[in-house]
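# Remarks on the overall topology
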Amino acid sequence: MRGPKVIVVGGGTMGSATAWALAARGAEVTVLERFSHVHEYGSHSGYTRIIRESYHEGAGYVPLVRRADALWRALGEKAGETLLVRTGMVEFGPEDDPDYQGAIAACVSAGVEHELMDAAAARRRFPIAVPAGWTACFTPSGGYLRVGPCLEALKREAMSLGAAWRTGARVREVALGERPRVLLDDGALLPADQVVVTAGAYLPGLLPGFMPGKLKVLRRVLAWTRPDPAEIDRLAAMPVWASFGPAGFVYGFPYGHEGVTGFKLACHVPPPEVGAAEAGVDPERVDRAIHPADLAPLAAFLAEYLPAGRGEFVHATVCLYTCTPSTDFVIDHVPGDRRAWVAGGFSGHGFKFAPAIGELVADAVLTGAAPEALRAFARARHAG
Ligand SMILES: Cc1cc2nc3c(=O)[nH]c(=O)nc-3n(C[C@H](O)[C@H](O)[C@H](O)COP(=O)(O)OP(=O)(O)OC[C@H]3O[C@@H](n4cnc5c(N)ncnc54)[C@H](O)[C@@H]3O)c2cc1C
């Protein structure tokens, strides 16, 4: 006999992982996804995501990274496919940058293997023009996840455990009366015992009362250059990388062929003067065109810090962050109703955690109580 009937609203990153974990625990799962499985209109576009233990956002995230890392590897083994590519990660920045210091502090306090080097040593080892006086920190456990294969593996596993998946099914409303029900755009009303909302950037529109005024959706641009062919071998041998400093938090991947052939980079957090003026966007109306002003800061970054990566931009795409004020996630039940749970506000750093979040959310849904590891993401933590 199957367990409770659970509807997952949003079959993207966290919805796929939660459906997999719920199905593994015996729930009767239906996933409703408004677009296709893996698409460009949410927060998982762009083919690759960094996984790292040097967690400047807080050492408290490191156990969750480790759990997710193990789960991604197990899923990859089962799928017979590489989901996680272990390249190592190099971060560099000025000694007095608090986030860079936070990354090093997380390594120290959580026992993450890391290697600190001065600018000259970093320049010898990587094709990065680390400025004199800065340092670099290399963590061998860093790498990247292959988005499409990761999400396909989660979906395949979930379906093999009995989950049903509907794409092109947009949820208009989640109604929590005597029995939770989900209203679709076509007028169908689907009953369930429990509902999980993992709607990403569309969460504030779907459940405006969950975190009123607290979730900000931001537009981000990912771009790929075509570097000088003479530089390609060096760029392909790079670890994933990130820079802290006056250009903000800029990061990238080795030269490769994941989705697009090229050298991929993006800005995660712009410099404070730019970030302070940044307005939230409506995901239904966001400007998806790429403008010269989107690419100019990335070109300037390459010219200054990574000249080997310079070249014509061959591709760029828009992706959406859903940010909480602290950038910590928000995972909790709907106020006053433990039959409906929400996992959102992944603030541009959630992908790596997906299977670990999925199993925690599944436990919360099926027991009615958030496991200890989710307490840090309670709605109340974002009050004030
Ligand atoms: C440019 C960029 C770079 C990033 N880099 C990294 C990185 O290097 N490392 C990392 O760990 N994280 C990274 N992230 C963050 C990570 O990708 C996100 O935190 C994660 O994908 C969020 O997952 P989600 O399930 O909340 O959103 P999504 O994956 O977007 O899933 C939400 C799903 O809900 C669906 N949906 C919404 N509303 C409805 C509705 N009404 N009915 C039905 N379906 C609905 C959407 O179509 C979507 O498929 C990055 C994000 C971006 C944008």
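One structure accompanies this document, and this report is about it. No experiment lies behind these values; they were computed from the predicted model shown.

### Quick look at helix H3 (residues 98-110)
Counted at 1.5 Å a residue, the expected span for H3 with its 13 residues is 18 Å, and the 18 Å between its end C-alpha atoms agrees. Listed in full, the buried residues belonging to H3 are Tyr 100, Gly 102, Ala 103, Ile 104, Ala 106 and Cys 107. Considering only its buried residues, H3 is in contact with strand E5 (89-94), strand E6 (115-118) and strand E7 (134-139). For H3, the side-chain oxygen to backbone nitrogen distance between the N-cap and Asp 99 is 2.9 Å, and the N-cap itself is Asp 97. Of the residues flanking the end of H3, it is Gly 111, one or two places downstream, whose phi is positive at about 65°.

### Concerning the packing of helix H1 (residues 13-24) against helix H5 (residues 147-160)
Where H1 meets H5, the axes come as close as 8 Å, and the angle between the chain directions of the two elements is 30°. Taken together, H1 and H5 sit at an angle that is classed as roughly parallel. In this structure, H1 crosses over H5, and the sense of that crossing is left-handed. Of the residues in H5, those touching H1 at Thr 13, Ser 16, Ala 17, Ala 19, Trp 20 and Ala 23 are Leu 151, Leu 154, Glu 157 and Ala 158. Here the contact of H1 with H5 is built from residues that sort into seven nonpolar, two polar and one charged.

### Focus on the side chain of Glu 53
With respect to the helices and strands, the residue Glu 53 is situated in the loop between strand E3 (48-51) and helix H2 (62-79). Take Glu 53: its relative accessible area is 12%, and that puts it in the buried class. There is a polar contact of 2.7 Å between the side chain of Glu 53 and the side chain of Arg 66. At a separation of 2.7 Å, a polar atom in the side chain of Glu 53 contacts the side chain of Ser 141. When sequence neighbours within four positions are dropped, the list of residues in contact with Glu 53 reads Val 62, Val 65, Arg 66, Val 112 and Ser 141.

### Side note on the pairing of strand E16 (residues 249-252)
Within a regular strand, side chains alternate between the sheet's two faces. Residues of E16 alternate between two faces, with Phe 249 and Tyr 251 on one and Val 250 and Gly 252 on the opposite face, all of them buried. Sheet topology places strand E15 (residues 240-243) next to E16; three bridges connect them, and they run antiparallel. Within E16, the position partnered with Trp 241 by the bridge is Gly 252. The hairpin turn running from E15 into E16, its antiparallel successor, is five residues long, and Gly 245 in that turn takes a positive phi close to 150°. Here E16 pairs with strand E17 (residues 263-269) via four bridges, running antiparallel. Counted as the bridge partner of Phe 249 is Val 269 from E17.

The rules behind each value
Residues numbered from 1 in each chain as written. Predicted model: local features only at pLDDT ≥ 70, side-chain atom pairs only at ≥ 80, totals over all residues. Heavy atoms only, no water. Helix = DSSP H or I, 4+ residues; strand = E, 2+ residues; numbered from the N terminus. Expected span 1.5 Å × (residues − 1). Buried < 20%, exposed > 50% of the residue type's maximum accessible area, 1.4 Å probe, protein only. Contact = heavy atoms within 4.5 Å. Polar contact = N/O pair within 3.5 Å; in protein donor to acceptor, adjacent residues only side chain to side chain. Axes fitted to C-alpha atoms, helices over the stretch in contact; angles between N-to-C directions. Parallel < 35°, antiparallel > 145°, perpendicular 65-115°, else oblique. Left-handed = near helix turned anticlockwise from the far one by under 90°. Nonpolar A, V, L, I, M, F, W, Y, C, P; charged D, E, K, R; others polar. Pairing = 2+ DSSP bridges.

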